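# Observations on the three-dimensional arrangement
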Amino acid sequence: AFPCCALLLCHHSSRSAIQVQITPTQGEISVGESKFFLCEVVGDAKDIDWFAPSGEKILPNRPDIIVSRTDEATATLTIYHANVDSAGIYKCVARSGDKEAQATVQVKIFQKITFDSAPSPQEFNEGDDADIVCDVVSSPPPAIIWKHKGSRIQVAKDVRYKIMDNGHLLIRGIKKIDEGMYNCEARIMARGEIDFRMIKVIVNVLPTIRARLSEVNATADIASSALLACDADGFPEPSVTWTHNNVVLETGDKYTLSDDGSELLIKSVKKVDEGDYTCIAKNKAGEKSEEVSLNVFVRPRITYLNNQTASEFDEQVTLTCEASGDPTPAISWSFQNRVFTEGEQASWTRPDKYESLDRNIVVRSHARVSSLTLKNILFTYAGEYLCTATNSIGRDNKHMYLEVRYAPKILGTVTVYTWEGNAANISCEAEAHPGASVVWSRDGLQLPSANTTNVKVYNTPTISYLEITPDSQYNFGTYNCTATNAMGSESKEFVLIQADVPSSPEIELVEPFSSTAVVSFEEPDSMGGVPIIKYRVEWRLPGQDWTGKEYHADDEMTTITIVGLKPETTYEIKMSAINGKGEGESSPATTFTTQPVRKYPFPPPRCSPPWEPTAPKLVVKVQGRGNTLKVNWIKQDDGGSPIKHYLVRYKAKHVSDWKPEIRVPHNSEYVTLSGLDWNTEYEIHVVAENQQGKSEPGVISYRTASDPTTIPGPISCTIVGILIVVFFLLLVGVDVTCYFLNKCGLLMCIAVNFCGKAGPGAKSKDMEEGQAAFTKDESKEPIVEVRTEEEQTPNQVWNRNSSARWLQTEESQPAAADATSPVVNLLPSTATNSVAGSVSAAQSSPASDGGVLTAKAPPRNSPAAARSGPLNANAQPDVGPLVDLSDAPKAPPSSDPTPLVPEPLSPAPASAEGPQSQRDPVKAPSSSSSSSQNKDSQVDGPAEDAPSVLCTDPTAPAHNEYERFHHPVPHLVTSALVASL
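The name given to the chain in an unreviewed UniProt entry is Neural cell adhesion molecule 1a, with Gasterosteus aculeatus aculeatus as the source organism. On record in UniProt, under Subcellular location (unreviewed entry), the comment for the chain is "Cell membrane".

See the structure below:
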């Protein structure tokens, strides 16, 4: 063994006035390491030389040992990548004329702990004696210690363990529980040196196998397939093979094996395929097998099922389905989401019967024949019915179509807002079979007429649009739409109302910073009948002129950030709202004072600005499907020097490596991070940089959404039961509340229909609210939002972004040129981005008790269009042009009339006094040119386009369907019947 420290020997000549010292004083080096020694001379020395252990003077050109003169009093000896030959005594000699001094240092070379062989992982079969290899070399030889699960292995306490002379660990009869990470640790006590290697030990386990089904039934002679499957387990994962009659089966024309071999698909099953099949699982530890039996039978087949035709209000219609199969199949019926079945297997001697609660649907089954009887036919009974025949080995199903002929039922928003000179579109959607013709009239005069140049009509297969450009107060009022077909007719009155400018918004709070301020506000109490397009914010120094800026209104927008303010300055601020009609009154002025610039801890880095900027404030919002994040930042104090740019970096929290840094221009206010991992928490840093340097990072963390394609695991039956009970109790509570507060619900139905009583607290007020969409056109004011004439209340909420775009198509110009024929037909595709609405059939005129105001926005291929499609398959209607009311300025109007074709909006709930009618505004698709902003709007940031989302209440369809297609009745009875259904 080498000594642990170097020997430093200094010799001074008796006649010398020079002193020499070598640093460091220790010269012990590990093989392969590098080290330097500094020779320092006290006194004047002309020459400083180093000498190798061999006595030779070390020259500067040696590759492994280099001597360099640092200055007049020092010289450095550097030993690179030391080896055994580098050991010895090195001497430093200083001379100045006849004066000389020297010092020596002894360099020792030793071997550090080195692992020659410690492979990981190391695999063993369960039950074998495992020799875990760990070969270590060093000088002197190390002591070996083994650890498992953080604890030292005590060989004396467990006879299964033994540390071999070569340092290996022997485990007798290794088990699966012995699997894991083992720590092979080497120590040299003399130097206090320690090193270790983690070795993963894998224990292979003999496979186990079981058949998913011990017997499988299959059908014969109908080109069907049979799937045999077995699940194998073991470690490593075993390979699976199949044999039949001692022949190994492989993928081909007859058989198909899954990737892991666990499933065997037998194609075109024949009777000769019947028998036992053997599933064999094999891995490194051995093999196991299991048998599966294949039984071949005959699958069901539906032999009779025909389409039917009926008329609305017919007494009944019966659908019949026959099927064959062995065993005898059970037959069931389904329509949309409802399933009708006889409940148990029928026989010729005892036919079973299923009857619905309302006694309008009856199912009878008699052996291989089943009938579905529908009583008191309604138009909603029309559609595809599915007959399914099932037995123990398979099923067959076929569809039939029930056609129901019915009189027209008119939908559409009854109230539309606009103003003089601004075109409005009233939509009358007529659902009927066969298709209906639609006629518009006013005061008994059919529209358009020779005297009404500002009124035009455009027709599609299911919707008729009345375009009105008011030129006086006379044009406001009621308009009648009448739809007629062979089954009957129906009429509805629509109201055109004069719009107004909005009231002033209310400034709730101003949060100032040094150069910015965040304004929180409440939207106006009155929208004026149309949505808010913009907000104007104005601020000034007291007594000076106002400075203002307009900001596009965003859905649920409650804050606006203004920039460019001076620190420690008092400002006045006010706001106003702008809709399609114009700008409303401004709010009362509010005073605020900006904050001083950032203060540094004493003493400051510099006595006066400029300084580094303050870290920006961050806000994260999820976009797309949930793995895209939009990171917004709010600029803080810039330190007295303009921001040059922002630096963005991010990483998943569970990893150490950052994604490449993103540099964003100084005028940007956000960055979008896309393609992120699902269900992962990310840490995001944003740094502002000016001429003086970088700010501290603004830091925020956010977790992305779970993968929407992930299939949720099984839910506990207990939890499901509890949820069902809770849901039932909630339904009972809601029904009781509706009975006492809103005179509706199941209890109300019972009280009205059986007891003849009205609910407690019954109110006469039956007005419902709704709205339609509009969009802003800076050259021609936008189409308005719909609202009733009923007084506004503080609880009314309107959707600023309920807008629709009128699109002008060049293809429609020829049709527009014909001024003598303003009534044209439009294909369904031309009805996109148009404004319309729906209303309860009970409100047939504005004079009725309640004005049901809703909005509707069907897609291009709406269900209504689809239903009437077959009847109009050969029709080639003219396509009318659409008017563009987007935000972009329009070209001067041409001489040709350019009609407007609106897009219907989705129906909202039509409950007379329910909270939904007042609290859930209808949202319509925004125009393609409109920009969607964040809730916290930034003044100078780039706008990001995003389409608005159409939202409706999930309970609306059932309520709307009932009210649409029944004759008007008092609202109390209507609510009760709807609740009972």
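### Details of the overall build of the chain
Across its full length, the chain holds seven helices and 61 strands. Residues counted as buried form 46% of the 981 residues belonging to the chain. Contacts in the chain between residues far apart in sequence, at least 24 positions, make up 66% of those at least 6 positions apart. Counting every atom, the chain has about 49,000 Å² of accessible surface; 52% of that belongs to carbon and sulfur.

### Focus: the pattern of salt bridges
Two side chains bearing opposite charge may form a pair once their charged atoms approach each other closely. Under the definition given, this model contains 25 salt bridges. Linking Arg-191 and Glu-193 is a salt bridge whose minimum nitrogen-to-oxygen distance equals 2.8 Å. For Glu-193, a relative accessible area of 15% corresponds to the buried category. One salt bridge in this structure joins Arg-212 and Asp-231, with 3.0 Å as the shortest N-O distance. A residue pair is termed long-range when its members are at least 10 positions apart, and Arg-212 in the loop between strand E19 (193–211) and strand E20 (215–219) and Asp-231 in strand E21 (residues 226–235) qualify at 19 residues. Linked through salt bridges whose partners overlap, the residues forming this network are Asp-49, Lys-57, Arg-95 and Glu-100.

### Structural notes on a negative patch on the surface
Taken together, the side chains of Glu-40, Asp-44, Asp-71 and Glu-72 define an acidic patch exposed on the protein surface. Within the secondary structure, Asp-71 sits in strand E6 (residues 65–71).

### Some words on the side chain of Glu-683
Topologically, Glu-683 is positioned in strand E57 (residues 681–690). Lys-651 is the oppositely charged side chain nearest to the buried, salt-bridge-free Glu-683, at an N-O distance of 4.2 Å. Within the structure, Glu-683 has its side chain in polar contact with the side chain of His-685 (distance 2.7 Å). Those residues within four positions of Glu-683 in sequence are excluded, and the remaining contacts are Arg-649, Tyr-650, Lys-651, Lys-653, Trp-658, Val-699, Ile-700 and Ser-701.

### Details of a nonpolar patch on the surface
Taken together, the side chains of Val-725, Phe-728, Leu-729, Val-732, Val-736, Phe-740, Leu-741, Leu-746, Leu-747 and Ile-750 present a nonpolar region at the surface, about 890 Å² in accessible area. Looking at the nonpolar patch element by element, the count peaks at seven residues for helix H1 (residues 717–741). Along the polypeptide, Val-732 turns up in helix H1. Residue Val-732 is classed as partly exposed on the basis of its relative accessible area, which comes to 39%.

### Notes on the pairing of strand E18 (residues 180–188)
Sheet faces and side chains relate simply in a regular strand, where the side chains alternate between the two faces. The sheet contact formed by strand E14 (residues 143–148) and E18 spans six bridges and is antiparallel. Looking at E18, one finds that Trp-146 is bridged to Cys-184. Pairing analysis gives nine bridges linking E18 to E19, with the strands arranged antiparallel. Residue pairing in the sheet places Asn-183 in a bridge with Met-198 of E19.

### Examining the sheet that holds strand E47 (residues 532–540)
Ordered in space as E48-E47-E50-E51, the four strands form an open sheet in which the pairing is antiparallel. Looking at the sheet topology across the chains shown, the edges are occupied by strand E48 (547–552) and strand E51 (590–593). If you compare each strand with its neighbour and ignore which way they point, the axes differ by 30 degrees on average. In terms of strand pairing, strand E50 (residues 570–579) meets E51 through four bridges, oriented antiparallel. Looking across to E51, one finds that Glu-572 is bridged to Thr-591.

### Structural notes on the packing of aromatic side chains
Scanning all chains against the criterion turns up seven aromatic pairs. Ring geometry for Phe-379 and Tyr-406: centres 4.7 Å apart, planes at 40 degrees, overall tilted. One end of the pair, Phe-379, is in the loop between strand E34 (369–375) and strand E35 (383–391); the other, Tyr-406, is in strand E36 (residues 394–411), with 27 residues separating them in the sequence. Owing to a relative accessible area of 11%, Phe-379 belongs among the buried residues under this scheme.

### So, the state of the cysteines
The full count for this structure, using the stated rule, is five disulfides. The side chain of Cys-230 participates in a disulfide bridge whose partner is Cys-279; the two sulfur atoms lie 1.8 Å from each other. Note that Cys-230 is positioned in strand E21 and Cys-279 in strand E26 (residues 275–283), a separation of 49 residues in sequence. Each member of the pair, Cys-230 as well as Cys-279, carries the same accessibility label: buried.

### A word on the sheet that holds strand E4 (residues 35–42)
Taken in spatial order, the four strands of this open sheet run E2-E4-E7-E6, and their pairing is antiparallel. Sheet topology places strand E2 (19–23) and E6 at the edges, where each strand pairs with a single neighbour. Averaged over all pairs of adjacent strands, the angle between strand axes in this sheet comes to 20 degrees, irrespective of strand direction. As judged from the six bridges shared by E4 and strand E7 (residues 74–79), these two strands associate in the antiparallel manner.

### Notes on the nonpolar core
Counting residues in each nonpolar core, the largest one holds 26 residues, and the members touching the most others are Trp-50 and Tyr-90. Of all the secondary structure elements, the ones that give two or more residues to this core are E2, E4, strand E5 (47–51), E6, E7, strand E8 (88–96) and strand E9 (99–110). Sorting elements by how many residues they give to this core places E9 first, with five residues. Formed by 25 residues, the second largest nonpolar core is a distinct cluster that contains Ile-331, Phe-340, Leu-372 and Tyr-385.

### Some thoughts on the side chain of Thr-243
When you line up the elements, Thr-243 lands in strand E22 (residues 239–244). Residue classification places Thr-243 among the buried positions, given a relative accessible area of 13%.

### Examining unusual backbone geometry
Backbone torsion omega between His-433 and Pro-434 reads 0 degrees, so that peptide bond is classified as cis. Mapped onto the elements of the fold, Pro-434 is located in the loop between strand E38 (424–433) and strand E39 (437–442). Looking along the chain, the bond that leaves Leu-447 and enters Pro-448 is cis, with omega of -5 degrees. For Pro-448, the position within the fold is in the loop between strand E40 (445–447) and strand E41 (455–459). The phi angle at Glu-568 is positive, at roughly 50 degrees, despite the residue not being glycine.

### Examining the confidence of the model for the chain
For the chain, per-residue confidence averages 75 on the pLDDT scale, and residues scoring 70 or more make up 71% of the total. Low pLDDT (under 50) marks residues 343–352, which in the prediction has 21 contacts with non-local residues, meaning those over four places away or in another chain. Overall, residues 759–981 carries pLDDT values under 50, and its contacts beyond four positions in sequence, including any with other chains, amount to 577 contacts.

### Considering the pairing of strand E45 (residues 506–512)
When E45 meets strand E46 (residues 517–522), the two strands line up antiparallel, connected through six bridges. Residue pairing across strands places Ile-507 opposite Phe-521, the latter belonging to E46. Hairpin connection of E45 to E46: four residues between the antiparallel strands.

Calculation notes
- Along each chain, residue indices are assigned from 1 in the same order as the chain's sequence is written.
- Thresholds applied to this predicted model are a pLDDT of at least 70 for local features of residues and 80 or more for the giving and counting of side-chain atom pairs; totals over whole chains, interfaces and linings are not thresholded and use all residues.
- For the side-chain quantities, the full set of heavy atoms in the structure was used; hydrogens and water were omitted.
- UniProt positions are given in the numbering used here, feature names are shortened, and annotations may be inferred rather than shown by experiment.
- Only DSSP runs of H or I with at least four residues qualify as helices, and only runs of E with at least two residues qualify as strands; both kinds are numbered from the N terminus onward.
- Burial classes follow relative accessibility: with a 1.4 Å probe on protein chains only, a residue under 20% of its type's maximum area counts as buried, one over 50% as exposed, and anything between as partly exposed.
- Contacts: residue pairs with any heavy atoms within 4.5 Å of one another.
- To measure how exposed things are, a 1.4 Å probe is used in the Shrake-Rupley method; for residues, cover is taken only from the protein chains shown.
- A pair is scored as a salt bridge if a Lys or Arg side-chain nitrogen falls within 4 Å of a carboxyl oxygen belonging to Asp or Glu.
- Only residues above 30% relative accessible area that lack a salt bridge enter a patch, with like-charged residues linked at up to 9 Å and the nonpolar side chains Val, Leu, Ile, Met, Phe, Trp and Tyr linked at up to 5 Å.
- For the charge count, each Lys or Arg is scored as positive and each Asp or Glu as negative, with His and the chain ends excluded.
- By convention, the charge on Lys lies at NZ, on Arg at CZ, on Asp at CG and on Glu at CD.
- Pairs of N or O atoms within 3.5 Å make up the polar contacts considered here, provided that, within protein, one atom can donate a hydrogen while the other can accept it, and that residues adjacent in sequence are counted only when both atoms are side-chain atoms.
- Paired strands, as defined in this entry, are two strands with at least two bridges between them according to DSSP.
- Structural elements are reduced to axes, namely lines fitted to C-alpha atoms, with helices fitted over the stretch in contact, and the angle between N-to-C directions of any two is expressed from 0 to 180 degrees.
- For Phe, Tyr and Trp, where Trp contributes only its six-membered ring, two rings pair if their centres lie within 6.5 Å, and the inter-plane angle classes them as stacked under 30 degrees, edge-to-face over 60, or tilted in between.
- In this description, the term disulfide denotes a pair of cysteine sulfurs within 2.5 Å.
- Put simply, a nonpolar core is a bunch of buried Ala, Val, Leu, Ile, Met, Phe, Trp, Tyr and Cys residues held in one set by side-chain atoms that sit within 4.5 Å of each other.
- pLDDT measures how confident the predictor is about each residue, on a scale from 0 to 100.

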